[in-house]
Amino acid sequence: MNDKQKETVIRFAAVFALITIGFVAVLVKIVITQTVERDDLLKIAERQKSKELAIEPNRGNIYDCRGRLLAGSAPTYNIIMDTRVPALHENKGKLFYTYLDSLSTALSDYFGDRTTQEYKRLLQHGYNTGDGRLRVCPNKLTYSQMKAVKSMPLFNMGKLKSGLIIEPNYQRIKPFGSLASRTIGSIYGDNGRGISGLEMMYDDVLRGQEGEMDTHTIEGHTVSQVNREAVDGCDIITTIDANLQDIVESNLRSTLIGLDADWGCCILMETKTGEVKAISNLGKVGEKYVEDKNYAVTRVEPGSTFKTYSLMAALDDGKISIDDTISTSNGSWVYTDSKRPISDAHKYNHPITVEQALAASSNVALAKIVTHSYEKNAEKFVNKLDKMRVRDSIPFDIPGTNLPKIDVPKDGETLARMAFGYYVELPPIYTLMFYNAIANNGKMIRPYIVKEVQQNGKTVKQYGTSTVASSICKSSTLKDIRKCLEAVVWDNDYGTASVSPWGQKKAQSDIVHIAGKTGTARVLEDGSYQRNYHRIAFCGYFPMENPQYSCICVIHKPRNAYDAGMNCGGTVRRIAEKTMAYSGSVDVSRHYVSKDSLLLPPVKRGIQKEIRRAGDGTNVDIKRTDSQWIRVNENYEAVPLQVTSDIVPNVVGMGARDAVYAIEQTGMFVTIRGKGKVVSQSVAPGTKAQKGGKVYLELK
């Protein structure tokens, strides 16, 4: 072998050796990767894996008919720090340790919930443990608080250097508090699904559509790509008027407190349109009355308000005239061989007219009329009710609305008692719809609450008046029924809603004339009717000469009294007077001003001393309470307001000066838009005050 050949062999051997060494190194690396480094590499791969995330849309708002916010989503922010970002670990963590002290001091000075040393320990522990979601300050910050955190040392360098992550979220607020809260409804969580009221009925509209984005990590940096933008929910414009709602709710609450009742509901509706302007459902929970259940759509035995249905059926079938006379058997009558007598609260030992019988709410008279007319064919009576659209299934905007329950009676005694409201069940909203048809010249229209759906201020869908029946009876029948309902209130000899034996007016008003019908029923419990427990009601319309509104008030198990005309009729009277004054239909200057007669000037929330001083100057007596801050309800009773340095107060309804003063007591700052009184605030009442934060107030 010559020298050249030897050199070639050596070169080949060297190349082969290098290849062998490289191959062995690769094998060793594979073994190490599969064993020693396996877990660490899998973690890195997991972090770099692309993830699909949902982008939550903003839930739509709910407004009253005048554009005032009833329920909305206010943005808040959570602050997260990813201590793993590479920039914080370069040069042995020089950047992190350079700003550790100044950032800790800034956080402590701004929030005041931890000392500088406590914040320092928190940040250092998160850094040492590689916490990717370190919460460095309180949750649910306002926009101004979030901006303040972004401007702090280290965080002002941005996400890639500081690891600062800002997560927005939305919380549901109701600026008017409990006002119509059961009708508005609630949602599960801050941005979840509606579980009651309008929030549930229109959940698909309010919720919007989720978006979608992909996220993946490259060299420690998170990169996001939006595949589909989220579509925010639509806004809902309701028929509710917040001012009328306050009138209805405060009057109902006052009556319930005075009677110590279990629950009550009251609905106010426009006669011509069917727009529900106010709806209140108050149940007793402990010592307070709160919006706990939708009583307005829960069926109950209507009691004597059903007598109007019975009389209308008989009149329309030509069975009787309102001028006919009838004996009430001195207030007690037994149908054929029944062992249970039918009794009247008012006894008359002389014949009275059919008109007077309805005015006096005679059980005996109506039982006689209906059994005489339909005992041979009870199904005909129920069929007549069907023609009057009493049992129709009418869609309503509140989920869970019960349907009427009226079955064909199996015997004459059942028919007799159906005539005055037993063995039948109706939700109060259905009763109101029927009486509203009487006020509306026989035309029955569907009550509704939602009038418009908007997306970004543009109308998407509109709802309007919907006719259920063009006429529920003959015009002559309607004329007679209206005359009878007027007698209920204005016949001082027979009317159950006229005047008391001591001359005290019930549903009678010097300001607005009301017509309607009282109702009283014993409460059915454990299969029997209780003598000591009643459900009372009044349903009517006003002004009776040219009806603009209809109204129903139902009160369950009052303990201190159960005069339907005085208690429910009186409540409707006060609501009617104040509604007409609010709508400008009554010249306030021509009437004596008292809390029981009409709407007094509205009073803004604020400091009691200043409010009482203003009241003294206008000869308005405001009842005193032991509180520096108060609101004045429409009965001119002072209701305490809680204003502390720790909790954001409810300043809706206050004037600008008092609102600013109240919020600044918490250490927060105020920005005002508009003039008048506060209609909304950006930070929800009752949340913990964040010193240095900002609250935006809208005034109208």
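Structure first, text after, so check above.
Bear in mind the structure is a predicted one, so any value in this text is a computation, not a measurement. (Residues numbered from 1 in each chain as written. Predicted model: local features only at pLDDT ≥ 70, side-chain atom pairs only at ≥ 80, totals over all residues. Heavy atoms only, no water.)

Participant: Sorry, what's going on with the pattern of salt bridges here?
Facilitator: Two side chains bearing opposite charge may form a pair once their charged atoms approach each other closely. Applying the stated criterion to the full structure yields 29 salt bridges. Note that Arg68 and Asp241 form a salt bridge whose closest N and O atoms lie 3.2 Å from each other. Pair noted here: Arg68 is in the loop between β2 (62-63) and β3 (69-81) and Asp241 is in the loop between β8 (235-238) and α10 (242-259), with a separation of 173 residues, a long-range link. For Arg207, the salt bridge identified is with Asp204, shortest N-O distance 2.8 Å. Taken together, the residues span about one helical turn, with Arg207 and Asp204 both in helix α9 (residues 203-207) at a distance of three residues. Residue classification places Arg207 among the partly exposed residues on the basis of a relative accessible area of 22%. Look at Asp204 and you get exposed, because its relative accessible area is 62%. Shared partners join several salt bridges into a network, and the residues in it are Arg59, Glu199, Asp203, Asp204 and Arg207. (Salt bridge = Lys/Arg side-chain N within 4 Å of Asp/Glu carboxyl O. Helix = DSSP H or I, 4+ residues; strand = E, 2+ residues; numbered from the N terminus. Buried < 20%, exposed > 50% of the residue type's maximum accessible area, 1.4 Å probe, protein only.)

Participant: Teacher, can you tell me more about the packing of aromatic side chains here?
Facilitator: Aromatic ring pairs are reported here in terms of the distance separating the ring centres and the angle at which the planes meet. Applying the stated criterion across every chain, the model contains 15 aromatic pairs. Measuring from centroid to centroid gives 4.0 Å for Phe96 and Tyr127, while their planes differ by 5°, and the two rings are stacked. Here the residue Phe96 occupies a position in helix α3 (residues 94-111), and Tyr127 occupies one in helix α4 (residues 116-129), the gap between them amounting to 31 residues. In this structure Tyr127 comes out as buried when scored by relative accessible area, which is 8%. For the ring pair Tyr97 and Tyr127, a centre distance of 5.7 Å and an interplane angle of 80° mean the geometry is edge-to-face. On the criterion of sequence distance, the pair formed by Tyr97 in helix α3 and Tyr127 in helix α4 is long-range, its members being 30 residues apart. By way of ring pairs, the aromatic residues Phe306, Tyr309, Phe434 and Tyr435 are connected into one cluster. (Phe/Tyr/Trp six-rings, centres within 6.5 Å; stacked < 30°, edge-to-face > 60°.)

Participant: Which parts of the structure should I look at to understand α10?
Facilitator: Every α-helix carries 3.6 residues per turn, so stepping three or four residues along brings you back to the same face. Taking 1.5 Å as the rise per residue, α10 with 18 residues should run 26 Å; its terminal C-alpha atoms sit 26 Å apart, in good agreement. Among the residues of α10, those classed as buried are Ala242, Leu244, Gln245, Ile247, Val248, Glu249, Ser250, Asn251, Leu252, Thr255, Leu256 and Leu259. Residues of α10 that are buried make contact with β9 (263-270), β10 (276-285), β11 (288-290), β23 (528-542), β24 (549-556) and α18 (564-582). For α10, the side-chain oxygen to backbone nitrogen distance between the N-cap and Asn243 is 2.9 Å, and the N-cap itself is Asp241. A positive phi of about 55° marks Asp260, the residue just after α10. (Expected span 1.5 Å × (residues − 1). Contact = heavy atoms within 4.5 Å. Polar contact = N/O pair within 3.5 Å; in protein donor to acceptor, adjacent residues only side chain to side chain.)

Participant: What exactly am I supposed to notice about the sheet that holds strand β28 (residues 669-674) here?
Facilitator: The strands making up a sheet associate through backbone hydrogen bonding, with each pair oriented either parallel or antiparallel. Across the sheet, three strands lie side by side as β28-β30-β29; this open sheet has mixed pairing. Since the sheet does not close on itself, it has two edges, and those belong to β28 and β29 (678-681), each with one partner. On average, each strand axis in the sheet is inclined to that of its neighbour by 25°, with strand direction left out of account. As defined by bridge partners, β29 adjoins strand β30 (residues 694-699) across three bridges and the pair is classed as antiparallel. (Pairing = 2+ DSSP bridges. Axes fitted to C-alpha atoms, helices over the stretch in contact; angles between N-to-C directions.)

Participant: How should the nonpolar core be read in this particular structure?
Facilitator: If you look at soluble globular proteins, the nonpolar side chains tend to sit buried side by side. Grouped together as the largest cluster of nonpolar side chains are 85 residues, with contacts concentrated most on Tyr309, Leu311, Phe381, Phe434, Ile438 and Ile472. If one sorts the elements of this core by residue count, helix α16 (residues 428-439) sits on top with nine residues. Sequence-distant contacts of Ile438, defined by excluding residues within four places in its chain, comprise Thr308, Met312, Ile472, Leu478, Ile481, Arg482, Leu485 and Tyr541. Leu252, Ala278, Val488 and Cys553 belong to the second largest nonpolar core, which has 31 residues in total. (Core = buried A, V, L, I, M, F, W, Y, C linked by side-chain atoms within 4.5 Å.)

Participant: Where do I start with α3 in this structure?
Facilitator: Look at α3: 26 Å from first C-alpha to last across 18 residues, which is about the 26 Å you get at 1.5 Å a residue. Along α3, the helix axis deviates most sharply at Leu100, where the bend reaches about 45°. Three or more residues of α3 are buried, namely Leu95, Phe96, Leu100, Leu103, Ser104, Ala106, Leu107, Ser108, Tyr110 and Phe111. On its buried face, α3 sits against β3, α4, α5 (143-150) and α6 (159-162). (Bend = angle between axes of the 7 residues up to and from the residue.)

Participant: Can you help me understand empty space enclosed by the protein in this one?
Facilitator: It is the rolling of a water-molecule-sized probe over the atoms that shows where space remains empty. Counted by the stated rule, this structure contains three cavities of 30 Å³ or more. By volume, the largest cavity amounts to about 80 Å³. Mapped onto the lining of the largest cavity, the elements with two or more residues apiece are α16, β23 and β24. Classifying every residue of the lining of the largest cavity gives eight nonpolar, three polar and two charged. In this structure, the second largest cavity spans a volume of roughly 50 Å³. In terms of lining residues, the second largest cavity is bounded by Ile394, Pro395, Phe396, Thr401, Ile429, Tyr430, Met433, Arg446 and Pro447. (1 Å grid on protein atoms, 1.4 Å probe; cavity = no way out; pocket = protein on both sides within 12 Å on 5 of 7 lines; lining within 4 Å. Points joined across faces, edges and corners; volume = space filled by probe spheres on them. Nonpolar A, V, L, I, M, F, W, Y, C, P; charged D, E, K, R; others polar.)

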